[in-house]
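One-letter residues, chain by chain:
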Amino acid sequence: MSTKERSVTHGSFTLERTYPHPPERVFAAFAEAEAVRACFVEGEGWEVEAFDMDFRVGGRQTSSFRYRGGPLIHNDTVYQDIVPDERIIFAYTITAGGERISASLVTVEIRPRDRDAELTFTEHGAFLDGHDDVAGRESGTDGLLDALGEWLASSADGR
Amino acid sequence: MLNHVHSLDRAFQALADPTRRAILESLTDRPRSVSELAEPLDMSLPGVLQHVQVLEGSGLIASEKVGRVRTCRLEPEALGDVERWIADRRSRWERRLDRLGDYLDARRRDPLDDERGGGS
């Protein structure tokens with residue numbers, strides 16, 4: 001077996017949304033198995049092989065899935081803090097093809113604003129061992145970065 | 001409040017200015033000093049230096065001062081695998097939150113339910 005090169009990169013991001021729905025409904029979408037599966041596990045190109053959820057502090061949510069027939073990806077989530085209709089904190093790891101590629105802490109905050117709900121999603125992640133994203137690239141950001149790379153490269157050639 | 005400016009945001013901010021793009025383009029040939037960079041631009045040296053600092057802060061270029069001469073070079077690896085990976089994770093969650101919105105909209109019951117405090 002070859003020696004694996006180890007590294008950790010830390011990254012954080014915050015996302016915000018306002019939904020025209022009461023906070024309880026937004027919270028329920030994180031708390032109910034059917035909603036979690038529909039919103040956070042299913043998706044175009046994703047084949048879900050297993051899904052299980054126990055929504056309580058210390059409880060686990062696990063899922064296994066593939067993106068377009070690729071390697072098996074496993075999500076293991078443990079709930080750290082639950083304040084009904086207001087806050088959920090969970091830690092999750094992603095394993096792809098048998099290798100752990102990240103470990104993250106997520107805080108979801110939900111606040112009422114008039115008749116809407118404001119959601120703030122904050123992730124702090126440790127991205128492990130320089131793994132390229134084996135899950136497959138859905139990201140539009142990726143296309144932008146590729147275009148930038150080409151522009152930089154072509155600017156050099158074009159002269 | 002989190003004061004993390006994602007490196008990707010910094011890079012795009014750096015690229016959003018035509019002078020900075022011109023600087024990047026001239027650096028794709030070879031490294032250049034700040035005065036060399038300033039020459040074709042209709043701008044004072046301090047003005048150019050400010051742009052250089054923004055580019056350096058974004059990680060798109062690096063510079064070195066030897067004596068009185070600051071030389072700049074392109075760092076094409078700046079938007080490398082790591083940033084791409086984190087950006088990927090972020091945009092994945094963006095999509096999920098979008099799906100959450102669609103899901104809630106699709107499941108919206110009679111608006112009167114909310115006022116009556118109706119639940120399942």
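Further up the page is the structure itself.
These remarks concern the structure in this document. (Residues numbered from 1 in each chain as written. Chains lettered and ligands numbered in written order. Predicted model: local features only at pLDDT ≥ 70, side-chain atom pairs only at ≥ 80, totals over all residues. Heavy atoms only, no water.)

### A closer look at the overall build of chain B
Next, step 1: If you tally the helices and strands in chain B, you get six helices and three strands.
Next, step 2: Counted from the first residue to the last, chain B has its helices and strands arranged as α-α-β-α-α-β-β-α-α.
Next, step 3: Across the 120 residues of chain B, 42% fall into the buried class.
Next, step 4: For chain B, long-range pairs separated by at least 24 residues make up 48% of all intrachain contacts whose partners lie at least 6 apart in sequence.
Next, step 5: For chain B, the accessible area works out to roughly 7,100 Å², and carbon and sulfur atoms hold 48% of it. (Helix = DSSP H or I, 4+ residues; strand = E, 2+ residues; numbered from the N terminus. Buried < 20%, exposed > 50% of the residue type's maximum accessible area, 1.4 Å probe, protein only. Contact = heavy atoms within 4.5 Å. Areas by Shrake-Rupley, 256 points an atom, 1.4 Å probe, with all protein chains shown as cover.)

### Some thoughts on empty space enclosed by the protein
Next, step 1: A full pass over the atoms with the stated rule returns two cavities of 30 Å³ or more.
Next, step 2: What lines the largest cavity is a set of 21 residues, and nearest its centre among them are Phe40, Val41 and Asn75 of chain A together with Trp93 and Arg96 of chain B.
Next, step 3: Tallying contributions element by element places helix α5 (residues 81–106) of chain B first for the lining of the largest cavity, with five residues.
Next, step 4: Class assignment for the residues of the lining of the largest cavity results in eleven nonpolar, four polar and six charged. (1 Å grid on protein atoms, 1.4 Å probe; cavity = no way out; pocket = protein on both sides within 12 Å on 5 of 7 lines; lining within 4 Å. Points joined across faces, edges and corners; volume = space filled by probe spheres on them. Nonpolar A, V, L, I, M, F, W, Y, C, P; charged D, E, K, R; others polar.)

### Section: the nonpolar core
Next, step 1: Core analysis: the largest hydrophobic core is formed by 41 residues, its most contacted members being Val26, Phe30, Val108, Leu119 and Phe121 of chain A together with Leu97 and Leu100 of chain B.
Next, step 2: By residue number, the principal contributor to this core is α5 of chain B, which donates six residues.
Next, step 3: Excluding its chain neighbours within four sequence positions, the residues that come into contact with Val108 of chain A are Phe30, Glu86, Arg87, Ile88, Phe90, Leu119, Thr120 and Phe121 of chain A.
Next, step 4: Membership of the second largest hydrophobic core comes to 17 residues, among which are Ala11, Leu24, Leu60 and Cys72 of chain B. (Core = buried A, V, L, I, M, F, W, Y, C linked by side-chain atoms within 4.5 Å.)

### Brief notes about the sheet that holds strand β1 (residues 32–33) of chain B
All names here are of chain B.
Next, step 1: What the three strands build is an open sheet, ordered β1-β3-β2; its pairing is antiparallel. Whereas interior strands pair on both sides, the edge strands pair on one side only; in this sheet they are β1 and β2 (61–66).
Next, step 2: Sheet topology places β2 next to strand β3 (residues 69–74); six bridges connect them, and they run antiparallel. Pairing of Glu64 across the sheet is with Thr71, part of β3. (Pairing = 2+ DSSP bridges.)

### Here's the deal with the side chain of Asn75 of chain A
Residues and elements named next belong to chain A.
Next, step 1: For Asn75, the position within the fold is in strand β4 (residues 73–83).
Next, step 2: Side-chain polar atoms of Asn75 contact the side chain of Thr77, separated by 2.7 Å.
Next, step 3: Other than its neighbours up to four places away in sequence, Asn75 contacts Gln61, Thr62, Ser63, Phe65, Tyr92, Thr93 and Ile94. (Polar contact = N/O pair within 3.5 Å; in protein donor to acceptor, adjacent residues only side chain to side chain.)

### Quick word on unusual backbone geometry
Residue and element names in this part refer to chain A.
Next, step 1: Phi at Asp85 takes a positive value of approximately 65°, unusual for a residue other than glycine.
Next, step 2: If you trace the backbone, Asp85 turns up in the loop between β4 and β5 (87–96).
Next, step 3: Of note in this structure, Asp114 is not a glycine but carries a positive phi near 55°.
Next, step 4: Along the chain, the position of Asp114 falls in the loop between β6 (99–113) and β7 (116–128).

### Comments concerning helix α2 (residues 18–27) of chain B
Next, step 1: The set of residues buried in α2 of chain B consists of Thr19, Arg20, Ile23, Leu24, Ser26 and Leu27 of chain B. Each buried residue of α2 of chain B lies within a common arc of 165° when the element is viewed along its axis, so the set occupies one face. (Arc of directions from axis to C-beta.)

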